[in-house]
Amino acid sequence: MKNVETLRKDAFCVIGKQGSTNDGPDFIQKLWQDANGHFAEVEHLAKRDEKGNLVGVWGVMTNFSFEFLPWEDNFSKGLYLAGIEAETDAQAPEGWKKWIVPGFTYWKVKAQGPDPFRETLAAMEAQKQSLVAAVQDFTDPATGENYMLFPVEWNHSKEELIRSIKDSTPQIGVCSMHCEFCFLSQWCGGCRSSCNVCSYATLSRDNVCPNVRCAREKGLASCAQCPELMECQVGFYQQPNAATHKGTALFVRRHGEAAYTQALSKGIRAGLRYAQDLDELMDEEKVCSRLEQYLT
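Some words on empty space enclosed by the protein
Moving on, step 1. In the structure shown here, the tally under the stated rule is one cavity of 30 Å³ or more.
Moving on, step 2. Within this model, the largest cavity holds a volume of roughly 40 Å³.
Moving on, step 3. Taken together, I172, G173, V174, C175, S176, R192, S222, C223, A224, A249, V252 and E257 make up the lining of the largest cavity.

Considerations on the environment of A111
Moving on, step 1. Relative to the helices and strands, A111 is located in the loop between β6 (104-110) and α3 (116-126).
Moving on, step 2. Its relative accessible area of 41% is what places A111 among the partly exposed residues.
Moving on, step 3. The residues contacting A111, other than those within four sequence positions of it, are P116, N146, Y147 and M148.

Observations regarding the state of the cysteines
Linking two cysteines covalently through their sulfur atoms gives a disulfide.
Moving on, step 1. Summed over the entire model, instances satisfying the criterion amount to zero disulfides.
Moving on, step 2. Left unpaired, C232 is separated from the closest cysteine sulfur, that of C214, by 5.8 Å.

Considerations on helix α6 (residues 210-218)
Moving on, step 1. Taken as a whole, α6 has its buried residues at N211, V212 and A215. Looking down the long axis of α6, one finds its buried residues gathered within 100° of arc, a one-sided arrangement. Away from its buried face, by an angle of more than 90 degrees, α6 presents the exposed residues R216 and E217.
Moving on, step 2. Just beyond α6, the residue with positive phi is G219, at close to 70°.

Notes on the pattern of salt bridges
Moving on, step 1. Per the stated rule, a full pass over the model turns up 11 salt bridges.
Moving on, step 2. Its salt-bridge partner being D10, residue R8 comes within 2.7 Å of it at the nearest N-O pair.
Moving on, step 3. For R8, a relative accessible area of 53% puts it in the exposed group.
Moving on, step 4. Taking relative accessible area as the criterion, D10 reaches 40% and is therefore assigned partly exposed.
Moving on, step 5. K110 serves as the salt-bridge partner of E145, at 3.6 Å between the closest nitrogen and oxygen. Taken together, the residues span a long stretch of sequence, with E145 in the loop between β7 (136-139) and β8 (146-154) and K110 in strand β6 at a distance of 35 residues.
Moving on, step 6. A relative accessible area of 31% places K110 in the partly exposed class.

Considerations on the nonpolar core
Moving on, step 1. F236, Y237, F251, Y260 and Y274 are the most contacted members of the largest nonpolar core, which totals 34 residues.
Moving on, step 2. Looking at this core, the elements with two or more residues in it are α5 (199-202), α6, α7 (242-255), α8 (257-269) and α10 (284-292).
Moving on, step 3. The contact partners of F236, leaving out residues within four places of it in the chain, are C175, M177, C198, Y200, N211, A242 and H245.
Moving on, step 4. Within the second largest apolar cluster, 16 residues are counted, among which are V14, V60, F68 and L79.

Cut-off values and rules
- Numbers given to residues run from 1 along each chain, matching the order in which its sequence is written.
- Local features are withheld for residues below a pLDDT of 70 in this predicted model, meaning they are given only at 70 or higher, and side-chain atom pairs are given and counted only at 80 or more; totals for whole chains, interfaces and linings count all residues.
- Only heavy atoms go into the side-chain values, all of them from the structure, while hydrogens and water stay out.
- Of the two site types, the cavity is a set of points on a 1 Å grid over the protein atoms alone where a 1.4 Å probe fits but cannot get out, and the pocket is an open set with protein on both sides within 12 Å along at least five of seven lines, each lined by residues with an atom within 4 Å of a point.
- Grid points are joined across faces, edges and corners, and a volume is the space filled by probe spheres set on the points.
- Where helices and strands are cited, they refer to DSSP runs of H or I of at least four residues and of E of at least two residues respectively, numbered from the N terminus.
- Whether a residue is buried, partly exposed or exposed follows from its accessible area with a 1.4 Å probe, protein chains only, as a fraction of its type maximum: under 20%, in between, or over 50%, in that order.
- Every residue pair with non-hydrogen atoms within 4.5 Å of one another is taken to be in contact.
- Here, two cysteine sulfur atoms that lie within 2.5 Å of each other are counted as a disulfide.
- Comment: arc refers to directions from the helix axis out to C-beta atoms.
- Throughout this description, the term salt bridge denotes a Lys or Arg side-chain nitrogen within 4 Å of a carboxyl oxygen of Asp or Glu.
- Side-chain atoms within 4.5 Å are what join buried Ala, Val, Leu, Ile, Met, Phe, Trp, Tyr and Cys residues into a set we call a nonpolar core.

Next comes the structure, spelled out in structure tokens:
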């Protein structure tokens, strides 16, 4: 295929306006109108080159599970973020969302012609080249050119980024979910880090989980310190498996975070399925007692 460049880009941060295909057929246009109309709110967060120019304007896509896989049902269902590339430690202002996009090698194609998306997919199929993740929209601020970036290979930059963050960030969530054993672990630095992609955070106001917001407002390091823990209905604690999260928070209250990590690690090595086996107990005290079996 003509006019295809190969681009390798490490993991990067985009702060923008988030929407989904559930918002209607013209939701992307509305997102860009919103983002452009309020650009002054995030202009100071934008990543810039040595000349002070914006590095990139992005329309980032992912599936609903935030795995950065292609949109589902023939590319018709998914999430979209209209925004600017920013520094990794930037915090999204109220009304904006922050995503950390994994690193990829892309086919970079100019967004021109009647259907560059389908044309490029056909060219990839002809060359037996797989699409490994969601396609991204990119505008080069220096030239004004619009591109579509087709991921053809993952790189490990985000894994390395997350690993470095985890080395200096507690891996127990404010609600007591243990981030090290969460299914999002490879993508998420935890709710106490700047690279948080916990589902409750990404889908909540200002990218802040309700449990995190509540703890901050009360001046608490975690829900385990809260006297209202057992009656709480905030965030994770309103889910059907709330007993698991409350039970682990209860364990942390009684034994501390280090003991929680030790007991959970030992239990998993012994065959405990986290969090399925704890969910089945459906009782806070039973969850706490089950973990206490693994104390040394």
